[in-house]
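# Reading the structure
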Amino acid sequence: MSKSTLCLERLLGGLTRLARTRGLNDARWAAAAGVRKETLSRLRNRGDCDLATLCALAAAVGAQVTVAPASARPAAQHLPDRFDRAYEDGLIELCASGMLDPASWRAMGPTFFMAGVAVMLASITGFDRSRYLFLAEALHPGSSHPDVFSSWLARTPVAPSRFIALLRARARHAA
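Notes on the structure follow. (Residues numbered from 1 in each chain as written. Predicted model: local features only at pLDDT ≥ 70, side-chain atom pairs only at ≥ 80, totals over all residues. Heavy atoms only, no water.)

## Thoughts on the overall build of the protein chain
A tally of regular secondary structure across the protein chain gives 10 helices and zero strands. Mapped in sequence order, the helices and strands of the protein chain form the string α-α-α-α-α-α-α-α-α-α. For the protein chain, the C-alpha radius of gyration of 17 Å lies close to 16 Å, the compact-globule estimate for 175 residues. Counting only C-alpha atoms, the protein chain reaches 50 × 35 × 25 Å along its principal axes. The contacts of the protein chain with a sequence gap of at least 6 include a subset with a gap of at least 24, amounting to 67%. (Helix = DSSP H or I, 4+ residues; strand = E, 2+ residues; numbered from the N terminus. Rg over C-alpha atoms; globule rule 2.2 N^0.38 Å. Contact = heavy atoms within 4.5 Å.)

## Here's the deal with helix 8 (residues 129-139)
Helix 8 sits mainly inside the fold: eight of its 11 residues count as buried. Taken together, the buried positions of helix 8 are occupied by Ser 130, Tyr 132, Leu 133, Phe 134, Leu 135, Ala 136, Glu 137 and Leu 139. (Buried < 20%, exposed > 50% of the residue type's maximum accessible area, 1.4 Å probe, protein only.)

## Focus: the packing of helix 5 (residues 85-97) against helix 7 (residues 111-122)
Contact geometry of helix 5 with helix 7 gives a least axis separation of 12 Å together with a crossing angle of 55°. As summarised for this structure, helix 5 and helix 7 are arranged oblique, according to the angle between their axes. Every pair of crossing elements has a handedness; the one defined by helix 5 and helix 7 is right-handed. For the pair helix 5 and helix 7, contact is made by Tyr 87, Leu 91, Leu 94 and Cys 95 and by Phe 113, Met 114, Val 117 and Leu 121, respectively. Here the residues of the contact of helix 5 with helix 7 sort into eight nonpolar, no polar and no charged. (Axes fitted to C-alpha atoms, helices over the stretch in contact; angles between N-to-C directions. Parallel < 35°, antiparallel > 145°, perpendicular 65-115°, else oblique. Left-handed = near helix turned anticlockwise from the far one by under 90°. Nonpolar A, V, L, I, M, F, W, Y, C, P; charged D, E, K, R; others polar.)

Pasting the structure below:
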């Protein structure tokens, strides 16, 4: 399978998950994007796609297609080198900001780790679940799958209950 086919497959997979979280089947998703259902079906079997079509499908589920630099980190490094109070505070600041730009999240830490943080945020009331799941998939394809998130939970230096409490406190203080 070519790299372009895998790339399109990952993009469509992430967008499909977002469509499903919004309660859209293929017919309703295609209609919302202004494309025929058959077009969406054909995209899943092709190795290429018109950019305008891909952007329309993304917009229909509240997402956008972006380009980000490849990570300079080794693929084997999935967790931050250090996780101290200063790093945790910076991470909380990013999460509290509501910024969903994948490049900003990549700059904060390894993509697997940051994707796990995004999936964690997707489970919190007040955070846009579909947008955070899309961010997670943009950072590390497959990260929103329960088995992958379970692996993240087992390995992460983040204590979710503590992190969420600190994040909520930051939000209350900012309001």
